[in-house]
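Examination of the molecular architecture
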Amino acid sequence: MELWICRFCCVLLSLFTGLASGLEITSTGPTSIEKASGQSVKLDCQFSLAPEDSGPLDIEWSLLSSDNQNEDKVVILYSGDRAYNDYYAPMKGRVHFNSADPKNGDASINLTGLKSSDSGTYQCKVKKAPGIRSRKMLLIVMVKPSKPRCYAEGPTQEGKDIVLRCISGEGTNPLRYSWEKTSNSKLLPSSAVIDSVGGTINVRNASASASGTYRCSVSNRVGAEECTLYLNVTPPPNTPGIIAGAIIAVLLILIIIAIILFCCCRARHRKKYEKEICNEIREDVPPPKSRVSTARSFTVGSQRSSLGSMSPSNLHEYALKPQYDKIPSSEEYERPPSQVPLPPPNAAKMAGPNLSRMGAIPVMIPAQNRDGSIV
């Protein structure tokens, strides 16, 4: 029983000794620091030891996670009399202990080439058995505003509302914008309305006096940038003249198009007409008569004209005439009817028997009265 009481007393004594150890964090600097990207910062962590702190010294800097479900990231470590500067890959080569021998009570670190991703809460934890102490610091890495772009929005004419814009692509909020006129009277137009958050200036019912050079400045807690803009307010255009000119131009174009179409249609119609004329066969014009057919028709016509005055004997004699089997020559065709040669006198003798002997076919000749009518 006494043995158990002694052990319990030893445990209590050790706990009391650990709580009353001499290890202390002596840094009293600010716990929140704001820096611009690209700059360097020193995170201060000074400590002191007591004779009873006899264990090994361990120093650990970690970046605390904003989400409790994620683990904290150890940035740099000192253990076993050795510093591990490249413990955290994103800060490799950019984080170092401020002292070459942290055992002397300086656990501070230096961060160089700051980035916006370096922002967060850092914790310095010093352990030397039996004592453990820690200190937290908030680091805010702000991005300096980039050079803004200035431009005018809308038509820069008299009587119009003109909007001047100033936009910075990068920069940690809050960003503040300011405008000033640097030429002429160096006074902003009386109708100008400035938006310091959006970076705009609205000049209502602009006049020619609003022309000039304007400068826009954008800034935050770590830096500032600016840009310049020249505004030229022009008189309003002659709208009726422009409309009239546009109408005349349109009419001229339409007239030219109509002329071109008319010429093309006319040329096409003429070409089509000429092609039809070349291929057309005129049905109303009879073909030219040959000399043979003309001569034959003339002979037959003359013969027929005298048929009514012929007697039966004449008809018999006319049937025996050889003119039907003879084609007149060109000389005979051109000769007048009075000069047409008469048949030979002995042609009458070639009747009946002679015709039968020659292979002719007998022809019945109708009878005729004295007055010449056919019976």
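Residues numbered from 1 in each chain as written. Predicted model: local features only at pLDDT ≥ 70, side-chain atom pairs only at ≥ 80, totals over all residues. Heavy atoms only, no water.

Attention shifts here to the nonpolar core. One finds Leu 43, Trp 61, Leu 111, Tyr 122 and Val 126 to be the most contacted residues of the largest nonpolar core, which totals 28 residues. Elements supplying a minimum of two residues to this core: strand E3 (41-43), strand E5 (57-64), strand E6 (73-79), strand E8 (95-97), strand E9 (109-111), strand E10 (120-128) and strand E11 (131-142). Among the elements that make up this core, the one with the highest residue count is E5 (4 residues). Not counting residues up to four positions away in its chain, the partners in contact with Leu 43 are Ile 33, Trp 61, Ser 108, Ile 109, Leu 111, Tyr 122 and Met 137. Judged by nonpolar contacts, the second largest core, of 18 residues, contains Cys 150, Leu 164, Leu 175 and Leu 229. (Core = buried A, V, L, I, M, F, W, Y, C linked by side-chain atoms within 4.5 Å. Buried < 20%, exposed > 50% of the residue type's maximum accessible area, 1.4 Å probe, protein only. Helix = DSSP H or I, 4+ residues; strand = E, 2+ residues; numbered from the N terminus. Contact = heavy atoms within 4.5 Å.)

Taken as a whole and assessed by the stated rule, the structure comprises 3 disulfides. Linked covalently through their sulfurs, Cys 45 and Cys 124 form a disulfide whose S-S length is 2.1 Å. Its torsion about the S-S bond being -75°, the disulfide of Cys 45 and Cys 124 is classed as left-handed. Here Cys 45 is found in the loop between E3 and strand E4 (47-48), whereas its partner Cys 124 is found in strand E10, with 79 residues between them in sequence. Its relative accessible area of 0% is what places Cys 45 among the buried residues. Taking relative accessible area as the criterion, Cys 124 reaches 0% and is therefore assigned buried. Counting its disulfide-bonded cysteines in sequence order, the protein shows a connectivity of 1-2, 3-6, 4-5. (Disulfide = S-S within 2.5 Å.)

So, on to the sheet that holds strand E16 (residues 200-203). Strand order across the open sheet formed by 4 strands is E12-E13-E16-E15, with antiparallel pairing between neighbours. Each having just a single partner strand, strand E12 (149-153) and strand E15 (192-195) make up the two edges of the open sheet. On average, each strand axis in the sheet is tilted by 15° relative to the strand beside it, whichever way the strands run. Taken together, the 4 bridges between E15 and E16 define a ladder with antiparallel strand orientation. Its bridge partner lying in E16, Asp 195 is registered against Thr 200. (Pairing = 2+ DSSP bridges. Axes fitted to C-alpha atoms, helices over the stretch in contact; angles between N-to-C directions.)

Let us now look at the sheet that holds E10. In spatial order, the strands read E2-E11-E10-E5-E6-E7; together these 6 strands make up an open sheet with mixed pairing. On the outer flanks of this sheet lie strand E2 (32-36) and strand E7 (82-84), each paired with one strand and no other. Ignoring strand direction, the axes of neighbouring strands in this sheet form an average angle of 20°. Relative to E10, E5 runs antiparallel, the two being bridged by 8 bridges.

Here the focus is the pattern of salt bridges. For the structure on display, the rule yields 7 salt bridges. Between Glu 24 and Arg 133 there is a salt bridge, with its nearest N and O atoms 3.8 Å apart. Of this pair, Glu 24 sits in strand E1 (residues 24-25) while Arg 133 sits in strand E11, and the two are 109 residues apart along the sequence. Exposure remark for Glu 24: the relative accessible area of 36% places this residue in the partly exposed category. Arg 133 sits in the partly exposed class, given a relative accessible area of 26%. The partner of Asp 118 in a salt bridge is Arg 94, with the nearest N and O atoms 2.9 Å apart. Here Asp 118 is found in the loop between E9 and E10, whereas its partner Arg 94 is found in the loop between E7 and E8, with 24 residues between them in sequence. Each of the two residues, Asp 118 as well as Arg 94, counts as buried. (Salt bridge = Lys/Arg side-chain N within 4 Å of Asp/Glu carboxyl O.)

Per-residue confidence for the protein gives a mean pLDDT of 77; residues scoring 70 or more make up 68%. The element-level mean pLDDT for the protein is lowest in helix H1 (residues 2-19), coming to 41, with E9 highest at 96. Throughout residues 291-327 the model reports pLDDT below 50, and contacts reaching past four residues in sequence, or to other chains, amount to 38 contacts. (pLDDT = per-residue confidence, 0-100.)

For the rest of this paragraph, the subject is a nonpolar patch on the surface. On the surface, Ile 243, Ile 247, Val 250, Leu 251, Ile 253, Leu 254, Ile 257 and Leu 261 cluster together into a nonpolar patch covering about 740 Å² of accessible area. Relative to the assigned elements, Ile 247 resides in helix H2 (residues 239-279). Ile 247 sits in the partly exposed class, given a relative accessible area of 47%. (Patch = residues over 30% accessible without salt bridge, like charges linked within 9 Å, V, L, I, M, F, W, Y side chains within 5 Å. Areas by Shrake-Rupley, 256 points an atom, 1.4 Å probe, with all protein chains shown as cover.)

The subject of this paragraph is unusual backbone geometry. Backbone torsion omega between Ala 129 and Pro 130 reads 5°, so that peptide bond is classified as cis. Its location among the elements puts Pro 130 in the loop between E10 and E11. The omega torsion across Asn 173 and Pro 174 is 5°, close enough to zero to call that bond cis. Locating Pro 174 in the fold gives a position in the loop between strand E13 (162-167) and strand E14 (176-181). The backbone phi angle of Asp 81 is positive, close to 60°, even though this residue is not glycine. Mapping Asp 81 onto the fold places it in the loop between E6 and E7. With relative accessibility at 54%, the residue Asp 81 sits in the exposed group.

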